[in-house]
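Descriptive structure summary
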Amino acid sequence: MAPAPPKQLLPLLLFILVSFTCIWLFSLTASNRSAQIQTQQLQIATQTPGPNFTFIVKLLTFNRLSSLSRCLNSLSKANYDAGDTVHLHVYIDHFPLDSRNDSAELDGKLSVSRQIVDFVDGFDWKFGEKLVHYRTSNAGLQAQWLEAWWPSSDHEFAFVVEDDLEVSPLYYRFLKAVILNYYYNASNFSPSIYGASLQRPRFVPGKHGNKMQLDGENQIFLYELVGTWGQLLFPKPWKEFRLWYDTHKAKGMKPFLDGMVTTGWYKKMGERIWTPWFIKFIHSRGYFNIYTNFRKERALSVSHRDAGVNYGKTAGPDSNLLDENSLDFNLLELYPLNSLKWYDFCFREVLTNRIVRSSNNLGFVLHSVQEKNSVVLVSIYRTPENIVRNILCHFERLDIRNYVLIGPHSPFLLDLSRRGHPVIDASQFSDFSQLAKSINFQDSTVDLIKEILVKAYATKKSLELGYSTWLVDGSTLPVSGDSFSDSFSSAGDFYIGKTTRLIFVRSSSSTLKIWTDDFVYNAASLVDTLRKESVSHDHIIFYGVEKLLEKQNIKYNSIEDMQLALDIGTVRANQTSFDTKNRFIFWSSETELDVIKRQLAHLDLWVVDSDSSCTGVFCHKS
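Since this is a predicted model, take the numbers as computed values, not measurements. (Residues numbered from 1 in each chain as written. Predicted model: local features only at pLDDT ≥ 70, side-chain atom pairs only at ≥ 80, totals over all residues. Heavy atoms only, no water.)

For any two helices packed against each other, one specifies the inter-axial angle together with the distance between the axes. Remark: helix α6 (residues 235–250) packs on helix α8 (residues 275–285), axes separated minimally by 10 Å, with the N-to-C direction vectors making an angle of 110°. By the angle between their axes, α6 is roughly perpendicular relative to α8. The residues of α8 that touch α6, namely those facing Pro-237, Trp-238, Glu-240, Phe-241, Trp-244, Tyr-245, His-248 and Lys-249, are Trp-277, Phe-278, Lys-280, Phe-281, Ser-284 and Arg-285. Along the lines of polarity and charge, the residues of the contact of α6 with α8 split into eight nonpolar, two polar and four charged. (Axes fitted to C-alpha atoms, helices over the stretch in contact; angles between N-to-C directions. Helix = DSSP H or I, 4+ residues; strand = E, 2+ residues; numbered from the N terminus. Parallel < 35°, antiparallel > 145°, perpendicular 65-115°, else oblique. Contact = heavy atoms within 4.5 Å. Nonpolar A, V, L, I, M, F, W, Y, C, P; charged D, E, K, R; others polar.)

Shown next, in the form of structure tokens:
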């Protein structure tokens, strides 16, 4: 047996053993990280976007040579997949020509410009074509962005960077994965997405918007706001924006959007900046941008916020650059689009594509919108599109969010659901046959029968869930955020307005015994009778409910007798306010659209612009 080591050697042996263990663990961690990165690279390398795929880096620069050098070097050190071609287009803006500059100052500016041109000319770009555009006059930041790209095909993508940016070596593989998963993958594609930003999200442009709070689990999310610190642009939305911009600029329009901080920027800086234009466009179209949410304030692009148009003096890096050494998660693990969260300019979550086509998901949607056990069902049948949009903008301004739209199947209805408005597609409601039972109807009335059945059934379902329910026609508008509150006396649970096209039913044990499946069936069965009595389609549900209640000797209250609604035709020329009793304003279906718009504008109730989008962003604290 070997002799035991002397006691004085034990601490030394322990130190050596611990040191060896630490080195081994570090090597294992490093190898695991390397293996993780290689695995991620293999994941992306096994997918191909097709032969027409084109990726172009659009670098915008002016007079910051050190910034440009840092940006170009970071781009050239990125990991580009073997066989991929990545083009580099550099746009060098010229300094403003000012006759007040003395000779020495002019020579200094010329010297800086030539240093930048010489540096770009001599820069070695190995990954594709290098194109240099040196302007002859000062274009400014807006023109630098807007004139940098016109996509040559639907497979060409632009990654726009300003010269004070520094990108991660991982940036390209991430963006390529985004393109593959959210542009080329049909199951994950949405026409609502216009690109992806690599900057760390921090800014909420809507005044009084929510504080940006994201949990660490949401690595990817969607947000309306454009990110100028490393923005990937998809071709179709960018073309659409450029044409929209041309039209609005040519007609002398301004990108004003009430309630947005960016409108104040535009009023101060004018055409020196471009983002207010794009934000206005995005708002009108309901488009979204992909963002990353990495812990520890990390991002794939970092702005050093050097002195320039946006900053009077250098502010320093806004984030920590994510690279191979700090990568501790699967960067390329991109989730299905339907599992991602979407946020508007107020950083309020947008629930997209809530379309009810059967009784199975009706309850879920009603529950998702109800507030204070109350639901508002809004019929948009035979309602002009810009009237519907005005209703929705008005709801947003009043913070009315407990509504569901009911209408026939149409691209417009689908677009509303895409933008986050819950809808019931009555034309495709799969329970129609079961609800209709043995109703005898002609082909010419089938759509009307469906309309009445779905309205009556949705009301029944809402009542069963314990929600007091309003049924409102698209020609009726609330005048305040409290218009739909249940402030009625306890006398009676039914309130009907045949002329104003309003119904309110309080959820109670007694109403549940009345508004049954038979009630729904009987309401639809009255269609032919009411048509013979010359009741218009918009009024049938309201006349039908009244007839059924009277037949059962059930008391109801008349909204007309209570004077809750004001006829738009009776509004005086100098009238700008409402009687305290008036909770709604309405108009007949025969009223001309121009008259409706003029009267509502006079009362400050018309809040859509020439694009039929809201004139402002109305944020309310969640």
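Going through the model one piece at a time under the given rule, you end up with two disulfides. A sulfur-sulfur distance of 2.0 Å marks the disulfide that ties Cys-346 to Cys-619. Since a negative S-S torsion denotes a left-handed disulfide, the Cys-346-Cys-619 link at about -85° is left-handed. With a gap of 273 residues between them, Cys-346 in the loop between β13 (342–343) and β14 (349–350) and Cys-619 in the segment after α18 (593–602) connect regions that are remote in the sequence. Residue classification places Cys-346 among the buried residues on the basis of a relative accessible area of 1%. Given a relative accessible area of 11%, Cys-619 falls into the buried group. (Disulfide = S-S within 2.5 Å. Buried < 20%, exposed > 50% of the residue type's maximum accessible area, 1.4 Å probe, protein only.)

This part covers the pairing of strand β22 (residues 502–505). If a strand is regular, its side chains alternate between the two faces of the sheet. Going residue by residue along β22, you find Leu-502 and Phe-504 tucked away on one face and Ile-503 and Val-505 tucked away on the opposite face as well. In terms of strand pairing, strand β19 (residues 468–473) meets β22 through four bridges, oriented antiparallel. Of the residues in β22, the one forming a bridge with Val-472 is Leu-502. Note: strand β21 (residues 494–497) against β22, four bridges, orientation antiparallel. (Pairing = 2+ DSSP bridges.)

All right, on to the packing of helix α13 (residues 446–464) against helix α15 (residues 517–525) then. Between α13 and α15, the shortest axis-to-axis distance is 8 Å and the interhelical angle comes to 155°. In terms of their interaxial angle, α13 and α15 are classed as roughly antiparallel. Helix-helix and strand crossings are classified by hand; for α13 and α15 the assignment is right-handed. Only Asp-517, Val-520, Tyr-521, Ala-523 and Ala-524 of α15 make contact with α13, whose side of the interface consists of Ile-449, Ile-452, Leu-453, Ala-456, Tyr-457 and Lys-460. (Left-handed = near helix turned anticlockwise from the far one by under 90°.)

One finds Phe-55, Leu-75, Phe-159, Tyr-171, Phe-174 and Leu-331 to be the most contacted residues of the largest nonpolar core, which totals 56 residues. Per-element accounting of this core gives the leading share, nine residues, to helix α5 (residues 171–184). Beyond its immediate sequence surroundings of up to four residues, Phe-174 is in contact with Leu-198, Ile-220, Thr-292, Leu-300, Leu-331, Leu-332 and Leu-334. Tyr-467, Trp-515, Val-535 and Ile-554 belong to the second largest nonpolar core, which has 50 residues in total. (Core = buried A, V, L, I, M, F, W, Y, C linked by side-chain atoms within 4.5 Å.)

This part takes up the confidence of the model for the chain. Keep in mind that low pLDDT regions are not for reading the predicted coordinates in detail. A residue-level look at the chain finds 89% of positions with pLDDT of 70 or above and a mean pLDDT of 88. Overall, residues 21–46 carries pLDDT values under 50, and its contacts beyond four positions in sequence, including any with other chains, amount to 23 contacts. (pLDDT = per-residue confidence, 0-100.)

With that settled, the discussion passes to the environment of Lys-58. Structurally, Lys-58 can be placed in strand β1 (residues 54–61). Remark: the alpha-carbon pair of Lys-58 and Leu-131, spanning 73 residues in sequence, is separated by 9.6 Å. Ignoring sequence-local partners within four residues, the contact set of Lys-58 consists of His-89, Tyr-91, Ala-148, Trp-149, Ala-158, Phe-159, Val-160 and Val-161. A polar atom in the side chain of Lys-58 sits 2.9 Å from the backbone oxygen of Ala-148. (Polar contact = N/O pair within 3.5 Å; in protein donor to acceptor, adjacent residues only side chain to side chain.)

Attention now goes to unusual backbone geometry. Its identity is not glycine, yet Glu-297 carries a phi of approximately 55°, on the positive side. Position of Glu-297 among the secondary structure elements: in the loop between β9 (288–292) and β10 (298–299). One non-glycine residue, Phe-347, lies in positive phi territory at about 55°.

Another point: the packing of aromatic side chains. The tally for this structure, following the rule as stated, stands at 54 aromatic pairs. Ring centres of Phe-157 and Phe-234 lie 5.8 Å apart, and the angle between their planes is 85°; this geometry places the pair in the edge-to-face category. Of this pair, Phe-157 sits in strand β4 (residues 156–162) while Phe-234 sits in the loop between β8 (231–233) and α6, and the two are 77 residues apart along the sequence. Each member of the pair, Phe-157 as well as Phe-234, is classed as buried. Seen in terms of ring centroids, Trp-238 and Phe-241 are 5.3 Å apart; in terms of plane orientation they differ by 50°. Their pairing is tilted. Placement of the pair is Trp-238 and Phe-241 together in helix α6, with a separation of three residues, close to one helical turn. Exposure remark for Trp-238: the relative accessible area of 2% places this residue in the buried category. (Phe/Tyr/Trp six-rings, centres within 6.5 Å; stacked < 30°, edge-to-face > 60°.)

Here we come to the side chain of Thr-445. Here Thr-445 is to be found in the loop between α12 (432–436) and α13. A residue is classified by how much of its surface remains accessible, and Thr-445, at 2% relative accessible area, is buried. For Thr-445, the residues in contact, after removing those within four places along its chain, are Asp-528 and Arg-531.

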